[in-house]
There are 4 protein chains.
Amino acid sequence: MTQATAKKPTKGRTATREARRQQLINATIDSISKRGFSGTTLATVTKGAKLSHGIVNFHFDSKESLYVETLGFLAQEHYDLWTAALEKAGPNPADQMAAMLNVDFEQTVCSAKKLAVWFAFWGQAKQRPTYLNIHNSFDEHRTSELKRLCSELAKDGGYDHITPIETTRSIESIIDGLWLQVLLYPQSLSRTEARKNCFNYLACLFPKHFSRCT
Amino acid sequence: MTQATAKKPTKGRTATREARRQQLINATIDSISKRGFSGTTLATVTKGAKLSHGIVNFHFDSKESLYVETLGFLAQEHYDLWTAALEKAGPNPADQMAAMLNVDFEQTVCSAKKLAVWFAFWGQAKQRPTYLNIHNSFDEHRTSELKRLCSELAKDGGYDHITPIETTRSIESIIDGLWLQVLLYPQSLSRTEARKNCFNYLACLFPKHFSRCT
Amino acid sequence: MTQATAKKPTKGRTATREARRQQLINATIDSISKRGFSGTTLATVTKGAKLSHGIVNFHFDSKESLYVETLGFLAQEHYDLWTAALEKAGPNPADQMAAMLNVDFEQTVCSAKKLAVWFAFWGQAKQRPTYLNIHNSFDEHRTSELKRLCSELAKDGGYDHITPIETTRSIESIIDGLWLQVLLYPQSLSRTEARKNCFNYLACLFPKHFSRCT
Amino acid sequence: MTQATAKKPTKGRTATREARRQQLINATIDSISKRGFSGTTLATVTKGAKLSHGIVNFHFDSKESLYVETLGFLAQEHYDLWTAALEKAGPNPADQMAAMLNVDFEQTVCSAKKLAVWFAFWGQAKQRPTYLNIHNSFDEHRTSELKRLCSELAKDGGYDHITPIETTRSIESIIDGLWLQVLLYPQSLSRTEARKNCFNYLACLFPKHFSRCT
DNA sequence: CATGAATGAGTCTTCATTCAT
DNA sequence: AATGAATGAAGACTCATTCAT
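Residues numbered from 1 in each chain as written. Chains lettered and ligands numbered in written order. Predicted model: local features only at pLDDT ≥ 70, side-chain atom pairs only at ≥ 80, totals over all residues.

Participant: Which parts of the structure should I look at to understand the overall build of chain A?
Facilitator: Helix and strand counts for chain A stand at 10 helices and zero strands. The secondary structure elements of chain A, listed N-terminal to C-terminal, are α-α-α-α-α-α-α-α-α-α. With the principal axes as the frame, chain A shows a C-alpha extent of 65 × 50 × 30 Å. Buried residues in chain A amount to 38% of all 214 residues. In chain A, the share of contacts with a sequence separation of at least 24, taken over all contacts with a separation of at least 6, comes to 52%. (Helix = DSSP H or I, 4+ residues; strand = E, 2+ residues; numbered from the N terminus. Buried ≥ 20, exposed ≤ 12 C-beta atoms within 10 Å, placed from the backbone. Contact = placed C-beta atoms within 7 Å.)

This is the structure in structure tokens:
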């Protein structure tokens, strides 16, 4: 009986532990993006998830722990996306670079909602090193991949003025900066325009591998 | 004029009042940079200013109002610095551009303390449009000046592929992105290295006007 | 009778039920002695009993009801011990008195664990008369037996200054007071020393029947 | 003007810090005696003091801290009473002993209210060593004075069977035990009867110095 | 019978704001 | 102008109890 095997994982009084946790994490992302950190309370989260008040402390140790896991979820999601894209991209470094950076301007990553949460966390990173550590633990791999690609592209194109470390940093910076502008001025900068802007910078850095798009 | 040296009694009071307000604004910057928005209370501010608990609501309408004026102070300070630098820079567009961007990596602007406050505000910008409006009201002028300089440099250098609007945005983005990295990873990126990184981007954009520095 | 060895199915269930209840009562005693009333929750009890969270309300009407039955168990245990000891003691009043009081300093009664629970209940007795009633319903018989023994010893020894009621009260008091000291200062007063102290008081009251021990 | 010097210390919006603290401590004693530890909340305390909810954390670090200071107040009060009584008593050891023990059955110390609080604290002493430490820090002096008096009385009366340490403990025990009975059964044992009972024990211990009272 | 997810009333604590002095 | 005591709303967290499975 196929009917018997079909479970409703998230409805009803008792859901699986994982489903509830994810539900709460999603509601946390929603609330932080709408109300910011200071406007987000356990009440706004649980109300958003249409669950009761006390459930957070049943599934998470504390509000702080919910935040940590929310950030972890975002970081993991991003990580999974770019590693998958990189794998699909084939052996060509330029293709790999393009694949990685494309992810940063996809809907899943570069939405107003997600960006708001990222910058909310970064706005607290100085005070809560935990947040920074989570971000770093996922991002180090990405930085090293970018550096490798910069090296390979520089060698391949004969750009002897390129310093991989510095160039990597500038690429990461322009992405973060474009994200901030997409967040703050969504009317004047769409994510597709931001992507174009980013790739035009690549064209500026690696003219033999990337061409300007208009 | 002997009259000018004679203080009017109201002037003395006003000066004191202004001094108190500035004292509180400075303490607010300190506290936000140390403890973030969520850790900053009127108590941490007044304690930092070595003033009494209840004084904030005497000099400011509310906590929110103190925050707004703090952000206004930072925006004004930045504005005053780059407009003064621009004025001093002479008629040459490349010099003007350099002068403007240098300001962004000066100690006064690009300190861990100030950057922490800027990103704290940006982390809330989505939720509190007031903050964004303050920032914009000061920043529009800067954007238009950058755009003008991009245009003049493009014309002068014959870079026909340069779109001033897009290029301006990319410059602003890389600065914001570098600021974020200076904030999050002060050990691996000093503000002088960040400045160099930014100017190397200019060298990439306008090779005839700026040269790479190593 | 072969029939007797065949268990009735309901009997097995009842036994299990009783075992569960006792298991929970024991865990309650453990938890109160370790964490006190305010630190004891149904979670600490069920965790101690290695049972699931929701089981208490299945076997007891409420937390309060569990407490009442826990106190009842302690009172019954004490009652069973001293009545058994009294029965064994023979007809001599001094022997009977000694038998009764010995029980109060036995391991089963005078352990740190049990005393902690007793004083926890007494600390609430004023506010919850139910607790006091349970205690009284068991203790009245003991008080009357002590009074009888005081009378008999007084008559037998010719102590005409002994008032049975008052003497009984003083004996009960010194026991309670010694219990408190055993509870609070187990290092400086062991239960065997406490027992000796109590019996030396008896030697003081009834010098012809009890002799000092050193 | 005598009128001008008269302050209302506890009325009005702002009272002296000490007055408010004492007011809250008194309300805490009231609430613990009426409702026990588990029934006492900051709300019952502040309601009893006719003050607002948030004031406790303004004058005390926490609820726990309020409890600690409440116990400290009770211990200090008792200490002050018996040291004063001892001083007034003159050089005679029997008078001194009588003076000290009289205090334990005075209205101020031996009221239903105070005893309820003492036993509430003792019921928690095992779990919160802080409470025990406070009690001990005040009580050690009392124990040593009692021991000294037992020694002097034993020498003076030639009671060679008296061990000061053990006798002291028995006196302390009978007092604690009588307190418990006054607390639990105020109808059957008044504090004056309890006092008599205690002094008859002294008469039993030191027949040459104390005589039975009926 | 038993489990453990879910609920929601209740508690401690924080903190912006008010206000007597 | 300034202080700091006082207020009360709001938030995080606890926990007895309920109930679907």
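Back to the write-up after that little detour.
Participant: Where do I start with the interface of chain C and chain D in this structure?
Facilitator: Between chain C and chain D, the contact holds 36 residues from the first and 36 residues from the second. No other element matches helix α9 (residues 164-184) of chain C, which puts 14 residues into the side of chain C that touches chain D. Partitioned by chemical class, the residues of the side of chain C that touches chain D number 17 nonpolar, 12 polar and seven charged. (Nonpolar A, V, L, I, M, F, W, Y, C, P; charged D, E, K, R; others polar.)

Participant: Would you mind going over the domain arrangement of chain A with me for this structure?
Facilitator: Residue and element names in this part refer to chain A. Here the domain parsing of chain A yields domain 1 (11-60) and domain 2 (69-209). On a C-alpha basis, the centres of domain 1 and domain 2 stand 29 Å from each other. Every contact between the two is made by eight residues of domain 1 and, on the other side, eight residues of domain 2. Its residues placed into classes, the side of domain 1 that touches domain 2 shows five nonpolar, three polar and no charged. (Domains from an automatic or database assignment.)

Participant: Explanation requested: unusual backbone geometry in the structure shown.
Facilitator: Apart from glycine, the bulk of residues carry a negative phi angle, and the bulk of peptide bonds sit in the trans form. In this structure, Lys 50 of chain B takes a positive phi of about 55 degrees despite not being glycine. Among the residues examined, Lys 50 of chain B registers 8 C-beta atoms within 10 Å and is labelled exposed.

Participant: Teacher, can you tell me more about the protein's contact with DNA strand F here?
Facilitator: Taken together, 41 residues lie around DNA strand F, and Gly 54 of chain A, Ser 52 and Gly 54 of chain B together with Ser 52 and Gly 54 of chain D are the ones closest in. Only α3 (42-48) and α5 (63-88) of chain A, α2 (9-39) of chain B, α3 (42-48) of chain C together with α2 (17-39) of chain D provide two or more residues apiece to the surface near DNA strand F. If one sorts the elements of the surface near DNA strand F by residue count, α2 of chain B sits on top with four residues. (Near = placed C-beta within 6 Å.)

Participant: So what exactly am I meant to see when it comes to the interface of chain A and chain B here?
Facilitator: Accessible area lost upon the coming together of the parts is a frequently used measure of interface size. In this complex, chain A contributes 36 residues to the contact, which on the side of chain B involves 36 residues. Among the secondary structure elements, those contributing two or more residues to the side of chain A that touches chain B are α2 (17-39), α7 (112-125), α9 (164-184) and α10 (191-205) of chain A. Partitioned by chemical class, the residues of the side of chain A that touches chain B number 17 nonpolar, 12 polar and seven charged.

Participant: Can you walk me through the relation of the copies chain C and chain D in this structure?
Facilitator: Screw-axis analysis of chain C against chain D gives a translation of 0.0 Å along the axis, an RMSD of 0.1 Å, and a rotation angle of 180 degrees. Here the transformation between the copies is reduced to the relation of a two-fold axis. Comparing contact sets, 100% of the residues at the interface of chain C also lie at the interface in chain D, consistent with an isologous, same-surface contact. (Least-squares fit on C-alpha atoms with pLDDT ≥ 70 in both.)

Participant: I would appreciate a short explanation of the packing of α9 of chain C against helix α9 (residues 164-184) of chain D in the present structure.
Facilitator: As a packed pair, α9 of chain C and α9 of chain D sit with axes 6 Å apart at the nearest point and diverge in direction by 105 degrees. As far as their axial angle goes, α9 of chain D and α9 of chain C are roughly perpendicular. Where α9 of chain C approaches α9 of chain D, its residues Arg 169, Ser 170, Glu 172, Ser 173, Ile 174, Ile 175, Asp 176, Gly 177, Leu 178, Leu 180 and Gln 181 of chain C are matched on the opposing element by Arg 169, Ser 170, Glu 172, Ser 173, Ile 174, Ile 175, Asp 176, Gly 177, Leu 178, Leu 180 and Gln 181 of chain D. In the contact of α9 of chain C with α9 of chain D, the residues fall into eight nonpolar, eight polar and six charged. (Axes fitted to C-alpha atoms, helices over the stretch in contact; angles between N-to-C directions. Parallel < 35°, antiparallel > 145°, perpendicular 65-115°, else oblique.)

Participant: Where do I start with the relation of the copies chain A and chain B in this structure?
Facilitator: For the pair of chain copies, the relating transformation is a rotation about an axis with a translation along it. If you rotate chain A by 180 degrees and push it 0.0 Å along the axis, it lands on chain B with an RMSD of 0.1 Å. Taken together, the interface assignments show that 100% of the residues at the interface of chain A recur at the interface of chain B, consistent with an identical surface on both copies.

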